[in-house]
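# Chains, contacts and geometry: an overview
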Amino acid sequence: MRHAGGNPAGGENRTAKNRFRYGELYYLNYYKEVKEKGRTYYEVYSLQRTEKVPEDYKEISFVCLRADGAYEAPSTVGIMCRAAKKKVKGLEDFHFHTLRHTYTSNLLSGGAKPKDVQELLGHSDVSTTMNIYAHSTREAKRTSARLLNKVVGGE
C-alpha cells in the first residue's frame, strides 16, 4: 500500500500551489492499522486540514493525489493507464508499476545507497531491494569501470 515518498518531477511545486489554492479544504492522507480475526489490514482516510485527526491515524504520502490532496485510488490510476495505452503508441506494455521500477533503477544507477532506496520503497529488508534491482547496480559498476578505463587509459 505504501508508495515511495515525494512527488514526480515538478510535483512538489504543484502540491505546494494546490495546498495554497485549497487552503483549509486541502486533504491530508492517513492510514489506520486494523487487526481483526488474526489479520492485519490498513484503512486509508483523506481528511481536510481543519478536521481533527484521531490518535490512531498515521500520516502517509502517496505518489498519486488529486489536485485537492485527496488519495487517488489505484483503480482510478489503472483506468488512466489503460486509456493511455490505447491512445499512445509505444505504451502497449505500460503498467503504472513500471514507474516504480524506473524510479528505483535510476536511483541505484545514479549512486543512491541501497539502504536509502529500501526505506523509500518500504521493503522490509535491503536484500529484497537488491534481489529485485541488482541489475541497476551492476550497470552502474560497468559504467564506472568504463569511465575509470577512460581516465587511466587516457582515451
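You'll find the structure just up there.
Turning our eyes to something else, we now look at the overall build of the chain. Check the secondary structure of the chain and you find five helices and three strands. Along the chain, helices and strands appear, N-terminal first, in the series α-β-β-β-α-α-α-α. Within the chain, buried positions represent 23% of all 155 residues. Taking contacts inside the chain between residues at least 6 apart in sequence as the whole, the part at least 24 apart equals 48%.

On to the sheet that holds strand 3 (residues 58-59), then. The three strands are arranged 2-1-3 in an open sheet whose pairing can be described as antiparallel. The two strands at the open ends of the sheet, each matched to only one other strand, are strand 2 (39-48) and strand 3. Bridging between strand 1 (residues 27-36) and strand 3 involves two bridges; their strand directions are antiparallel. Note on strand 3: the bridge partner recorded for Tyr-31 is Lys-58.

Put simply, helix 3 (residues 97-109) and helix 4 (residues 114-121) touch, their axes get as near as 10 Å, and they point 160° apart. Classed by the angle they form, the pair helix 3 and helix 4 counts as roughly antiparallel. When the axes of helix 3 and helix 4 are compared, the crossing they make is right-handed. Counted together, Arg-100, Tyr-103, Thr-104, Leu-107 and Leu-108 of helix 3 and Pro-114, Val-117, Leu-120 and Leu-121 of helix 4 form the full contact between these two elements.

Looking along a regular strand, one sees the side chains alternate between the two faces of the sheet. Here strand 1 runs beside strand 2; their pairing, made up of ten bridges, is antiparallel. Paired with Val-34 across the bridge in strand 2 is Tyr-41.

The residue Thr-129 is located in helix 5 (residues 126-153) in this model. Classification of Thr-129 as buried rests on a relative accessible area of 0%. Apart from residues no more than four positions distant in its own chain, Thr-129 is found in contact with Val-117, Gln-118, Leu-121 and His-123.

So, how was this worked out
Residues numbered from 1 in each chain as written. Predicted model: local features only at pLDDT ≥ 70, side-chain atom pairs only at ≥ 80, totals over all residues. Heavy atoms only, no water. Helix = DSSP H or I, 4+ residues; strand = E, 2+ residues; numbered from the N terminus. Buried < 20%, exposed > 50% of the residue type's maximum accessible area, 1.4 Å probe, protein only. Contact = heavy atoms within 4.5 Å. Pairing = 2+ DSSP bridges. Axes fitted to C-alpha atoms, helices over the stretch in contact; angles between N-to-C directions. Parallel < 35°, antiparallel > 145°, perpendicular 65-115°, else oblique. Left-handed = near helix turned anticlockwise from the far one by under 90°.

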